Amino acid sequence: MTDTRRRVAVFSLGGTIAMTSQDEGGATPTLSAAELVAAVPGLAETGVAIEVHDFRRVPGASLAYRDLLDLVAEIEALDVDGVVITQGTDTIEETSYLIDLVYSAETPIVVTGAMRNASTAGADGPANVLAAVRVAAGNETRGIGAVVVFGEEIHAARWVRKAHATSPAAFTSYPGPIGYIAEDRVRIWSRPTEEPKIARRHLGNDARTAVAQIGLGDDGVVLRAIGGQVDGLVVAAFGAGHVPMGCVDALTDLAEEMPVILATRTGAGPVLTHTYGFPGSEADLLSRGLLAAHTLGPIKARVLLQLLLMHGADRDGVAEHLSRIH
C-alpha cells in the first residue's frame, strides 16, 4: 500500500530545545532529532510522516553562515512536503532570514526552538515542535518563504525578532505575526511581499561584516577603528537614521571604502530618506554614500549584506538589492 501521508523532515541543529541539565552544572545540547520528536505528545495523531536529520548539535550562538548554507543544500535535495528546523533561539532571527534569502522553492520551511530546556518544568520545546510540524505539513505557508513558529504564533523570517532574553514568549515581529495555530488548524492572515533571492550556488568566499550601534555622545572613534577590519558595515542609528555630528566624517570615509548600510536601532519602522536635513540626519548621510536599509533592522541588514558580499556584489549591487525591499 502506498503511504499517502504528508511528509515532514525535521532537522536538529542543537540549542536549548536539544539541551538537558548536566550533573556538573549547566545545560548542554544532548538530544538527537529522534529524541526530540519522540518527546512530542500528539505528534502521531497528526498523521504526518516524520523523517529526522541530526545536522548539528551546537548552541545557537555557535552556528555560522556555512552551517546554514550547507543545511539549505541538504533541504534542496529532499522530496518532502515541509521542513522543520530546530535550533538555539539566540540566532533564530538571523538564521531564518538567511534561509529565507537563499531558498527559493515553494516547500514550507519552519524554524523553531525552545526557551526552556527539556529538563525544566514547563519545557516549551514539544509544543513548539508540534505546532511547527502542523505548519510545515500544510499548504497554508507554501510559497511564503521561511517562517518562525513560537508559542502558537507564525512570524515571517523577515520581521521576526527575539525581544526577551528568557520569556517563552520571546519572539515578536512588527507589524505582527502573519498567522497562528488554534485547535490544530493553521490560520494565515497576511503574506509578506516577495523579496529578491540570492543564489546560494553563486556564493563565494566569506566576507567580514559588522554592526556598529550609535549611542549618546558617540564621536566616531569606534567607527574609525572598525574601518580597516571589515568588508561592509551596518550602522544602527538613532530614530529614522540619525547619528551625532561627531560620527559624520568617520561614516563619510567608511562609505568611500565599503558598502555602509544605514538602519534604525528602534526595532520597527523605516529609515527615512529626505525628512530631516541637519548634519548627521538621514538625508545628510545618504548624500554621503550610505545606503538606506528601509524597513530592515540592523541584524537582518547585516545578514543581507554578508550574503551580497559573498555573492560578489559591490556598493552599487548592494544598493540595487536594497532598493527592492519594502
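It should be noted that the structure appears before, not after, this text.
Bear in mind that the values here come from a model prediction, so they are computed numbers and not experimental data.

With respect to the sheet that holds strand E15 (residues 260-264)
Taken in spatial order, the four strands line up as E13-E14-E15-E16 in an open sheet, and their pairing is parallel. The open sheet has two edge strands with one neighbour each: strand E13 (209-213) and strand E16 (291-292). As paired strands, E13 and strand E14 (residues 232-237) are joined by five bridges and run parallel to one another. Paired with Ala212 across the bridge in E14 is Val235. This element, helix H8 (residues 298-310), spans E13, E14 and E15 of the sheet and lies at about 165° to E14.

Some points on helix H6 (residues 248-257)
The set of residues buried in H6 consists of Val248, Ala250, Leu251, Thr252, Leu254 and Ala255. Buried positions along H6 lie against helix H5 (221-227), E14, E15 and helix H7 (282-287).

Quick look at the sheet that holds strand E6 (residues 109-112)
Backbone hydrogen bonds hold the strands of a sheet together, and the pairing may be parallel or antiparallel. Across the sheet, which stays open at both edges, the eight strands sit in the order E4-E1-E5-E6-E7-E8-E11-E12 with mixed pairing between neighbours. Strand pairing shows two members of the sheet lacking a second neighbour, strand E4 (49-58) and strand E12 (185-188), which therefore form its edges. For this sheet the average axis-to-axis angle between neighbouring strands, irrespective of direction, equals 25°. Of the strand pairs in this sheet, strand E11 (residues 179-182) and E12 are connected by four bridges, and their pairing is antiparallel. Bridged to Tyr180 within E12 is Arg187. Against the sheet, helix H2 (residues 65-76) engages strand E1 (7-14), E4, strand E5 (82-86) and E6, with an angle of about 160° to E4.

Considerations on the nonpolar core
The biggest cluster of nonpolar side chains holds 51 residues, and the ones touching the most others in it are Phe11, Leu71, Ile85, Ile99, Leu304 and Leu307. In terms of residue count, H8 provides more of this core than any other element does, eight residues in total. Dropping the residues within four chain positions of it, Leu304 is found in contact with Tyr97, Leu101, Ile198, Leu296, His321, Leu322 and Ile325. With 29 residues, the next largest nonpolar core counts Ala18, Val40, Ala136 and Ile154 among its residues.

About the criteria used
- What you see as residue numbers is a count from 1 along each chain, following the sequence as written.
- The predicted origin of the model limits local features to residues at a pLDDT of at least 70 and limits the giving and counting of side-chain atom pairs to 80 or more, whereas totals for whole chains, interfaces and linings rest on all residues.
- Values shown for side chains rest on all heavy atoms present in the structure; no hydrogens or waters enter the calculation.
- At least two bridges found by DSSP between two strands is the condition for calling them paired.
- Strands here are runs of E lasting at least two residues and helices are runs of H or I lasting at least four, both read from the DSSP assignment and numbered beginning at the N terminus.
- Here a residue-residue contact requires only that any non-hydrogen atoms of the pair lie within 4.5 Å.
- Every axis corresponds to a line fitted to the C-alpha atoms, with the helix fit spanning only the stretch in contact, and the corresponding angles, defined between N-to-C directions, vary from 0 to 180 degrees.
- For every residue, the accessible area (1.4 Å probe, protein chains only) is compared with the maximum for its type, and the residue is labelled buried under 20%, exposed over 50%, or partly exposed between those bounds.
- Within this scheme, the nonpolar core is defined by two criteria: the residues are buried Ala, Val, Leu, Ile, Met, Phe, Trp, Tyr or Cys, and they are joined through side-chain atoms within 4.5 Å.

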